[in-house]
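# Descriptive analysis of the structure
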Amino acid sequence: MKINIVGMGVMGYQIASLLYLLGYDVAVTTRGGVNEKKMHRSNKLLRKFVNVDLDELGNIKFCKNIDDLYDACTIESVAEDLSIKKEIYSCVRKVTNKPFVSNTSSLCPTEIASDVVGLHFFNPIYLKFVEVINMGNNKLLDEIISDLEKANFSIINVQENRGYIGNYLLFHEIGAALKLVEKHGYSSESIKMMYSNLYPNRDIFSILDLIGLDIAQNIFHNLHDQDNSIYMPKCIDDAINMGILGKKNKTSILSIVDEYHG
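My aim in this report is to walk through the structure given alongside it, one point at a time. Since we're looking at a predicted model, the values are computed, not measured. (Residues numbered from 1 in each chain as written. Predicted model: local features only at pLDDT ≥ 70, side-chain atom pairs only at ≥ 80, totals over all residues. Heavy atoms only, no water.)

Here we come to the overall build of the protein. If you tally the helices and strands in the protein, you get 11 helices and eight strands. In summary, the protein has a C-alpha radius of gyration of 19 Å against a globular reference of 18 Å for 262 residues, a match within 12%. Referenced to the eigenvectors of the C-alpha coordinate spread, the extents of the protein come out at roughly 55 × 35 × 35 Å. Buried positions account for 49% of the 262 residues belonging to the protein. (Helix = DSSP H or I, 4+ residues; strand = E, 2+ residues; numbered from the N terminus. Rg over C-alpha atoms; globule rule 2.2 N^0.38 Å. Buried < 20%, exposed > 50% of the residue type's maximum accessible area, 1.4 Å probe, protein only.)

Have a look at this one:
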């Protein structure tokens, strides 16, 4: 089975690797060009977490342009920006009318176009669960879901709210932690100490760094636009202005967060 991946950020590489390991022929493309070495490293890393038959691996086709993709189901994993996603959808539709799937969860897929399906993987992908919406009755999509279930992924059916379940809960949590810092003067250490007692091994600041502060900023804006109960942290904007993006550039929100500690 052939499949396309558009957008090779952190999640794009992981989704492409997963499907390749599950036997798909995967065509990948991104505006900045696909890093083939990074793609191969991702494949190798994911093998440790996904049981696969090495004799039934798929193939990976590196494409310079969307026009070079397969006439196949396409998964987009580009920035959490509605205008960019709509542009990608329009370009892909010139190549194929097969199902168009979005990895977004901070937007509703049907905001991109009425026929867009939501298939939201989590980072890291070997957490092995995925949120699904707007599937309809489509044999190709049913096969993908079946293959994910065979790989022990949990399938969680969700509604059309931005954030679905996972990011709606998570970004309320991140926002609450940063609100305690910004509005009430708590230190990151106090918050981490409380977490160590309530939720051992859960570090909300490390989770934010893993997501990436620039990505988190877009998600916060998208969720807040639909639900103003989501707190909008100022420290994330300040961190990005200082070049602090989290794990992707080996920095951390912690380098700025305690400046708000009164």
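Alright, that's what it looks like, and here's the rest.
Before going further, it helps to spend a moment on the packing of aromatic side chains. Counted according to the given criterion, the structure contains six aromatic pairs. Between Phe 49 and Tyr 126, the aromatic rings sit 3.8 Å apart at their centres with planes inclined by 15 degrees, giving stacked as the arrangement. Within this pair, whereas Phe 49 is found in the loop between helix 2 (36-46) and strand 3 (59-62), its partner Tyr 126 is found in the loop between strand 6 (117-121) and strand 7 (129-133), the two being separated by 77 residues in sequence. Phe 49 sits in the partly exposed class, given a relative accessible area of 34%. Its relative accessible area of 34% is what places Tyr 126 among the partly exposed residues. Between Phe 122 and Phe 129 the ring centres are 4.4 Å apart and the planes differ by 35 degrees, which places this aromatic pair in the tilted class. The side chain of Lys 2 reaches across the aromatic face of Tyr 70, ending 5.4 Å from its centre. (Phe/Tyr/Trp six-rings, centres within 6.5 Å; stacked < 30°, edge-to-face > 60°. Lys NZ or Arg CZ within 6 Å of the ring centre and 35° of its normal.)

This part is about the environment of Ile 191. Structurally, Ile 191 can be placed in helix 7 (residues 188-198). When its relative accessible area of 8% is taken as the criterion, Ile 191 is described as buried. Separated by 12 residues in the primary sequence, Ile 191 and Asp 203 place their C-alpha atoms 9.2 Å from one another. Those residues within four positions of Ile 191 in sequence are excluded, and the remaining contacts are Ala 177, Leu 180, Val 181, Tyr 186 and Phe 205. (Contact = heavy atoms within 4.5 Å.)

So, about the pairing of strand 7. Most of strand 7 is tucked away: four of the five residues are buried. With four bridges joining them, strand 6 and strand 7 adopt antiparallel strand pairing. When the sheet's bridge partners are listed, Phe 121 is paired in strand 7 with Val 130. As defined by bridge partners, strand 7 adjoins strand 8 (residues 154-157) across four bridges and the pair is classed as parallel. Looking across to strand 8, one finds that Phe 129 is bridged to Ser 154. Regarding topology, helix 5 (residues 139-150) serves as the crossover connection from strand 7 to the parallel strand 8, and that connection is right-handed. (Pairing = 2+ DSSP bridges. Right-handed = clockwise from strand over helix to strand, strands pointing away.)

Enumeration according to the criterion identifies one cavity of 30 Å³ or more in this entry. Each pocket or cavity is described by its volume, and for the largest cavity that value is around 40 Å³. Lining of the largest cavity is provided by Gln 217, Phe 220, His 221, Met 232, Pro 233, Ile 236 and Asp 237. Elements with a minimum of two residues in the lining of the largest cavity: helix 9 (213-226) and helix 10 (234-241). Considering every element that reaches the lining of the largest cavity, the biggest residue donor is helix 9, with three residues. (1 Å grid on protein atoms, 1.4 Å probe; cavity = no way out; pocket = protein on both sides within 12 Å on 5 of 7 lines; lining within 4 Å. Points joined across faces, edges and corners; volume = space filled by probe spheres on them.)

The side chains of a regular strand alternate between the sheet's two faces. Where burial is concerned, the two faces of strand 4 (residues 73-76) agree: the one with Cys 73 and Ile 75 and the one with Thr 74 and Glu 76 are both buried. Sheet topology note: the strand 4/strand 5 (residues 100-102) ladder contains three bridges and is parallel. Looking at the pairing, Thr 74 lines up with Phe 100 of strand 5. With helix 3 (residues 82-93) bridging strand 4 and its parallel neighbour strand 5, the resulting β-α-β unit is right-handed.

Moving on: the packing of helix 1 (residues 10-21) against helix 2. Relative orientation of the contacting elements helix 1 and helix 2 amounts to 60 degrees, with a least axis distance of 9 Å. Considered as vectors, helix 1 and helix 2 are oriented oblique to each other. In this structure, the crossing between helix 1 and helix 2 has a hand that is right-handed. Contacts from Tyr 13, Gln 14, Ala 16, Ser 17, Leu 18, Tyr 20 and Leu 21 of helix 1 reach helix 2 at Lys 38, Met 39, Ser 42, Asn 43 and Leu 46. Here the residues of the contact of helix 1 with helix 2 are counted per class, giving seven nonpolar, four polar and one charged. (Axes fitted to C-alpha atoms, helices over the stretch in contact; angles between N-to-C directions. Parallel < 35°, antiparallel > 145°, perpendicular 65-115°, else oblique. Left-handed = near helix turned anticlockwise from the far one by under 90°. Nonpolar A, V, L, I, M, F, W, Y, C, P; charged D, E, K, R; others polar.)

To continue, consider the layout of surface pockets. Where empty space is left becomes clear once a probe the size of a water molecule has been rolled over the atoms. Approximately 930 Å³ is the volume found for the largest pocket. Taken together, 40 residues form the lining of the largest pocket, with Met 11, His 120, Asn 123, Ile 211 and Ile 219 sitting closest to its centre. Of the residues forming the lining of the largest pocket, the biggest block, five residues, is contributed by helix 6 (residues 166-184). Here the lining of the largest pocket is composed, by residue class, of 19 nonpolar, 12 polar and nine charged. Of the pockets and cavities examined, the second largest pocket occupies roughly 580 Å³. Of all the secondary-structure elements, those providing two or more residues to the lining of the second largest pocket are helix 1, helix 2 and helix 8 (204-211). No other element matches the five residues that helix 2 contributes to the lining of the second largest pocket. Tallied by class, residues from the lining of the second largest pocket come to nine nonpolar, five polar and five charged.

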